[in-house]
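Residues per chain, in single letters:
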Amino acid sequence: MLALFHALKDSNQVFPVFIFDIQILSKLKNKKDRRIEFILRSLAEIKKTLNENGSDLIVEMGDPELLIPKLITEYKCNSLYINRDYEKYAQDRDQTISKILLNKKVTTFAFKDQVLFESDEVLTQSNNPYTVFTPYKNNHLKRLNEQGIELYNCENHKDNFAKFTSKALPTLGELGFEKTNLEDLGLPTGTSGGKSLLEKFYKNIKNYSTNRNFPSIRGVSYLSVHNRFGTLSIRHLAKLAIEADNDGASTWLSELIWRDFYFQIIANFPQVSEKKSFKSQFENLKFENDEKKFEAWKNGLTGFPIIDAAMKQINQTGYMHNRLRMIVSSFLVKDLLIDWRWGEKYFEDNLIDFDFSANNGGWQWAASTGCDSQPYFRIFNPVLQSEKFDKDGSFIKKYIPQLAPLSVKRDSSTMGIF
Ligand SMILES: Cc1cc2nc3c(=O)[nH]c(=O)nc-3n(C[C@H](O)[C@H](O)[C@H](O)COP(=O)(O)OP(=O)(O)OC[C@H]3O[C@@H](n4cnc5c(N)ncnc54)[C@H](O)[C@@H]3O)c2cc1C
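From a predicted model like this one, the values you see are computed outputs, not experimental measurements.

## Details of the overall build of the protein
Thinking step 1. The helix and strand tally for the protein stands at 19 helices and four strands.
Thinking step 2. Based on the C-alpha atoms only, the size of the protein along its principal axes is roughly 65 × 50 × 45 Å.
Thinking step 3. Buried positions account for 36% of the 418 residues belonging to the protein.
Thinking step 4. Nonlocal contacts in the protein, meaning residues at least 24 apart in sequence, comprise 74% of its contacts between residues at least 6 apart.

Right under this line is the structure:
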């Protein structure tokens, strides 16, 4: 959004481009990947809006290092506007592209868009990165209050989109993927979808602190996929949370700050991007890594109802409630004694909201190898967790139909969307 805003402010000939990066697509082994369908549907919405304005969206699949310079030449552009990405692969790729363009006398302008504060903006008094969340959060909040949050409206500059037409969007098949169950899930796509979820959540934001731990009720926002793909603005969300000014909203704002916290961890501590433990003393832990137990965990066949229902939730929907992510990750590492990296990879392949920073942070937190993580001796008891957070078993029964005869009648309007 921010790169687009600045491009529209600086030029009256802006050509919007989205590239399906073949390096990323080729690593996705499951051809029914909900993320691709989510992105494609979201792009269709953008393309339609641009078409109504006499403009268009260029969508290509391939190697961005070749495609971007080619498009720059084809559309006779003299600059490239991008939002900064914080993952190593993307940073290297974007640097290579900007070097190639510089040789063609084309300047790249990169902007902060994905986060509220970048890795060097919230530092300790001695100018070091934080490794503990609470002091990071306090400083982050202080800066947010001091600086305020600016919103950027592209609408005011929409006449600066170039008037042109581009080819139709690729189909899922052309991208090498197949239709998923995304439509049946009730997870709306695109900015309009993000806004509708946000509207519903915002009405109940004051109850977030009390409801957020119960997977069977609609207590969380379900916005993680929109945060992942930028279909909503993180600045807008943070501003709304501040304006709501109640206990639930401030707890929710803390979750948005956890997101920034883990982004700064991957930027400031490169070892985590190399699949290493954040705490080096835990790098060589010996795991049992029993393949059969791992298969049972993946397929929701461990015999522990809360674990099995949670794994069925991720398998059937691509989403898993945060409380359950904590329970299943603790179970995999500390009960089944399987390397946290195996679980991290399974989530990477299956979560619709997969984000390297939050996922690695979450797994290392559960495994006690991460920054500000669970102490190594703390192990979630799946039975007690289930009694506490799914007391009447509604969530378990939803995903384990064998237990449905024991079902309790519930008001469906208050139930979780997954
Ligand atoms: C093992 C493990 C793996 C995880 N993997 C991911 C992942 O790949 N992608 C991901 O977005 N989140 C991940 N999380 C964090 C969290 O579980 C999800 O962000 C949350 O469940 C998404 O649901 P929601 O949008 O309804 O969240 P809400 O409770 O409504 O929170 C609002 C937003 O805050 C952010 N957020 C919330 N909790 C966290 C957190 N702990 N760390 C970072 N950001 C957070 C998300 O963007 C979320 O949409 C993981 C947590 C664990 C324990």
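That was the structure; now back to the text.
## Considering the site of the ligand
Thinking step 1. Around the ligand, the surrounding shell holds 29 residues, and the nearest of these are V220, S221, S224, N359 and G362.
Thinking step 2. Every element with two or more residues in the shell around the ligand is listed here: α10 (224-229), α12 (247-268), α15 (322-335) and α17 (356-367).
Thinking step 3. Counting residues domain by domain, the shell around the ligand receives three or more from each of domain 2 (115-148 + 193-268) and domain 3 (270-409).

## Quick notes on helix α8 (residues 190-203)
Owing to its 3.6 residues per turn, the α-helix brings residues three or four apart onto one side.
Thinking step 1. Helix length check: α8, at 14 residues, gives a terminal C-alpha distance of 21 Å against a target of 20 Å (1.5 Å per residue), a fit within 8%.
Thinking step 2. On the buried face of α8, the contacting elements are α3 (34-52) and α10.

## Concerning unusual backbone geometry
Thinking step 1. For N289, which is not glycine, the phi torsion reads 50° and is therefore positive.
Thinking step 2. Tracing the backbone shows N289 in the loop between α12 and α13 (291-298).
Thinking step 3. The partly exposed category is assigned to N289, around which 13 C-beta atoms lie within 10 Å.
Thinking step 4. Unlike most non-glycine residues, D372 shows phi in positive territory, near 45°.
Thinking step 5. With respect to the helices and strands, the residue D372 is situated in the loop between α17 and α18 (382-389).

## Some words on the environment of A3
Thinking step 1. On the secondary structure map, A3 appears in helix α1 (residues 2-10).
Thinking step 2. Judged by local crowding, A3 falls into the partly exposed class, with 18 C-beta atoms found within 10 Å.
Thinking step 3. Beyond its immediate sequence surroundings of up to four residues, A3 is in contact with Y81, I82, N83, F111 and D113.

## Regarding the pairing of strand β4 (residues 107-111)
Thinking step 1. Relative to β4, strand β3 (residues 79-83) is paired through five bridges, and the arrangement is parallel. Of the residues in β4, the one forming a bridge with S79 is T107.
Thinking step 2. At this point the chain moves from β3, through helix α5 (residues 88-103), to the parallel β4, and the crossover so formed is right-handed.

## Here we look at the nonpolar core
Generally speaking, soluble globular proteins have nonpolar side chains that are buried together.
Thinking step 1. In terms of nonpolar packing, the biggest core is built from 44 residues, with I306, I307, A310, I327, V328, F331 and L332 touching the most fellow members.
Thinking step 2. Where this core is concerned, the elements lending two or more residues are α3, α14 (305-317), α15, α16 (340-350), α17 and α19 (394-399).
Thinking step 3. With residues up to four places along the chain from it excluded, the contact list for I307 reads T302, I327, V328, F331 and P382.
Thinking step 4. Counting 27 residues, the second largest nonpolar core, distinct from the first, contains V115, W252, F263 and F278.

## Focus on the packing of α14 against α15
Thinking step 1. Two elements in contact, α14 and α15, have axes whose closest approach is 10 Å; the angle formed by their N-to-C orientations is 115°. Here α14 is positioned roughly perpendicular relative to α15, judged by the angle of their axes. Once α14 is placed against α15, the crossing between them reads as left-handed. Across the interface between the two elements, I306, I307, A310, M311 and Q313 of α14 pack against L324, I327, V328 and F331 of α15.

## Describing the domain arrangement of the protein
Accessible area lost during the coming together of the parts is what is often quoted as the interface size.
Thinking step 1. When the domains of the protein are assigned, the result is domain 1 (1-113), domain 2 (115-148 + 193-268) and domain 3 (270-409).
Thinking step 2. Taken over C-alpha atoms, the centre of domain 2 sits 22 Å from the centre of domain 3.
Thinking step 3. Contact residues are listed per partner, giving 16 residues for domain 2 and 20 residues for domain 3.
Thinking step 4. Put simply, the parts of the chain that give the side of domain 2 that touches domain 3 at least two residues each are α10 and α12.
Thinking step 5. Per-element tally for the side of domain 2 that touches domain 3: the top contributor is α12, with five residues.
Thinking step 6. The residue inventory of the side of domain 2 that touches domain 3, partitioned by class, reads 10 nonpolar, four polar and two charged.

## Some details on α1
Thinking step 1. Those residues of α1 lying buried are L2, A7 and L8.
Thinking step 2. Each element contacted by the buried residues of α1 is listed here: β3 and β4.

## Digging into the packing of helix α4 (residues 64-74) against α5
Thinking step 1. Running from N to C, α4 and α5 point in directions that differ by 35°, and their axes come no closer than 9 Å. When you trace α4 past α5, the crossing you get is right-handed. Here P64, E65, I68, P69 and I72 of α4 lie close against α5, whose contacting residues are R93, T96, I97, I100 and L101.
Thinking step 2. A per-class count over the contact of α4 with α5 returns seven nonpolar, one polar and two charged.

## Topic: the environment of F269
Thinking step 1. By the element assignment, F269 lies in the loop between α12 and α13.
Thinking step 2. A C-alpha to C-alpha distance of 36 Å links F269 and G416, two positions 147 residues apart in sequence.

Definitions and cut-offs
Residues numbered from 1 in each chain as written. Predicted model: local features only at pLDDT ≥ 70, side-chain atom pairs only at ≥ 80, totals over all residues. Helix = DSSP H or I, 4+ residues; strand = E, 2+ residues; numbered from the N terminus. Buried ≥ 20, exposed ≤ 12 C-beta atoms within 10 Å, placed from the backbone. Contact = placed C-beta atoms within 7 Å. Near = placed C-beta within 6 Å. Domains from an automatic or database assignment. Expected span 1.5 Å × (residues − 1). Pairing = 2+ DSSP bridges. Right-handed = clockwise from strand over helix to strand, strands pointing away. Core = buried A, V, L, I, M, F, W, Y, C linked by C-beta atoms within 7 Å. Axes fitted to C-alpha atoms, helices over the stretch in contact; angles between N-to-C directions. Parallel < 35°, antiparallel > 145°, perpendicular 65-115°, else oblique. Left-handed = near helix turned anticlockwise from the far one by under 90°. Nonpolar A, V, L, I, M, F, W, Y, C, P; charged D, E, K, R; others polar.

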